[in-house]
Amino acid sequence: MTIAGDRSREDRIAALGYDYARQPTRAHSACNLCGEERFVTVSHRDRYGYPARADGCLRCGLVFLNPVMQADAYTEFYGEVYRPLVSAYHGRLIDAETIQDEQREYATIRAALLAPHLAGRGAKTLLDVGGSTGVVAHHLMQRFELNATVIDPAPLEIEVARKLGLRTLTGFVEDCDPGERRYDLITLCQTVDHLLDVSLALRKIRALLSEGGLFFVDIVDFRAAYRRNGSVEEAIKIDHPFYLTEETAVAFLRRSGFDILAVDYAADHLHIGYVCAPAPDVHDALPARDDVSRQWREIRSIQNRLPDR
Ligand SMILES: [Zn+2]
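Bear in mind that the values here come from a model prediction, so they are computed numbers and not experimental data. (Residues numbered from 1 in each chain as written. Predicted model: local features only at pLDDT ≥ 70, side-chain atom pairs only at ≥ 80, totals over all residues. Heavy atoms only, no water.)

A. Region of interest: the state of the cysteines. In total, this model carries zero disulfides according to the counting rule given. In this model C176 remains outside any disulfide bridge; the closest cysteine sulfur is found in C189, 17 Å from its own. A residue is classified by how much of its surface remains accessible, and C176, at 17% relative accessible area, is buried. (Disulfide = S-S within 2.5 Å. Buried < 20%, exposed > 50% of the residue type's maximum accessible area, 1.4 Å probe, protein only.)

B. Just the packing of aromatic side chains, in detail. All chains considered together, the criterion is met by 15 aromatic pairs. Aromatic pair Y18 and Y50: ring centres 5.9 Å apart, planes at 80°, arrangement edge-to-face. Of this pair, Y18 sits in the loop between α1 (7-15) and β1 (25-26) while Y50 sits in the loop between β2 (39-43) and β3 (54-57), placing them 32 residues apart in sequence. Overall, the relative accessible area of 8% leaves Y50 in the buried class. Arranged with centres 5.1 Å apart and planes meeting at 75°, the rings of Y78 and Y82 form a pair that is edge-to-face. (Phe/Tyr/Trp six-rings, centres within 6.5 Å; stacked < 30°, edge-to-face > 60°. Helix = DSSP H or I, 4+ residues; strand = E, 2+ residues; numbered from the N terminus.)

C. Structural detail: the coordination of the zinc ion. The coordination sphere of the zinc ion contains the protein donors C31 (SG), C34 (SG), C57 (SG) and C60 (SG), at a distance range of 2.3 Å. Between the four donor atoms coordinating the zinc ion, the angles at the centre fall across 99 to 119°, so the site counts as tetrahedral. Site description for the zinc ion: donor spacing in sequence, C-x2-C-x22-C-x2-C. Of this pair, C34 sits in the loop between β1 and β2 while C60 sits in the loop between β3 and β4 (63-65), and the two are 26 residues apart along the sequence. By relative accessible area, C34 is classed as partly exposed at 22%. We classify C60 as buried; its relative accessible area is 2%. (Donors = N, O, S within 2.8 Å, 3.2 Å for Na, K, Ca; no water. Tetrahedral: all angles 85-135°; square planar, octahedral: opposite > 155°, others 65-115°.)

D. Region of interest: the sheet that holds β4. With antiparallel pairing, four strands are arranged side by side in an open sheet as β2-β3-β4-β11. The open sheet has two edge strands, β2 and β11 (242-243), and neither has a second partner. With four bridges connecting them, β2 and β3 associate as antiparallel partners. Its bridge partner lying in β3, V40 is registered against G56. Contacting β2, β3 and β4, helix α9 (residues 289-305) crosses the sheet at an angle of about 30° to β2. (Pairing = 2+ DSSP bridges. Contact = heavy atoms within 4.5 Å. Axes fitted to C-alpha atoms, helices over the stretch in contact; angles between N-to-C directions.)

Right, dumping it as structure tokens:
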């Protein structure tokens, strides 16, 4: 949260000169998960101080930026603003090079989670969606002897991935034409919250997954984020168009045709990982209304406990 005496963070972010309010946006008229058109606005700014509004779906509880920047604006954002902004927020340099140690550790942990599920599947190909610099894909490629492809919208990061010897695609998976190509393992690591259309992306991924393939996705648990920060605003950031919880993640996966084989509460107590296999889709999977109501009560109580400016 922006606390008194924390001017330096504000100054660092201001120094980037990024004019969020002038970016082209579009409004969500319907919930990306359930199609409901009635929302509750839960936040009017994000953790960087940008005037980003977050709405929640009154039926399923999915939280999302509304309006949200258009794809071109996000492409520019990832190319020029994202890493400097995160660096300014944390007060240390975070770029395509410095994140690699963290990604290597992440890859080792996720490989251990996937190993027992991959055993005996004869997986040969990997698609890492939002694969950034390719460190995670490279690790999985070596560990499981896979042919690996990375798709990411950030040209600088995709360039690092290319240097690692990975096949690379620059862009969003939502725009990807599955064609005839299928992958035996698809990973969506620390990326689902960055997608512009989660339902579409998951449907594309499902179409790209081979029969008997495996899909791994992890979410930043929005509930964990606002509870640990004691603030909804601090859990909102313009780089995350969507904010999933256990309930909305499960509904998204079941609707998109995935069966959950294993769930992993990450050591950071913030991320939750799902190992999934293709299954018939459950079109009407939704969080229970009681869980949705609980979420609004919890958000409201946090807002009232910690009035924020
Ligand atoms: Zn909804």
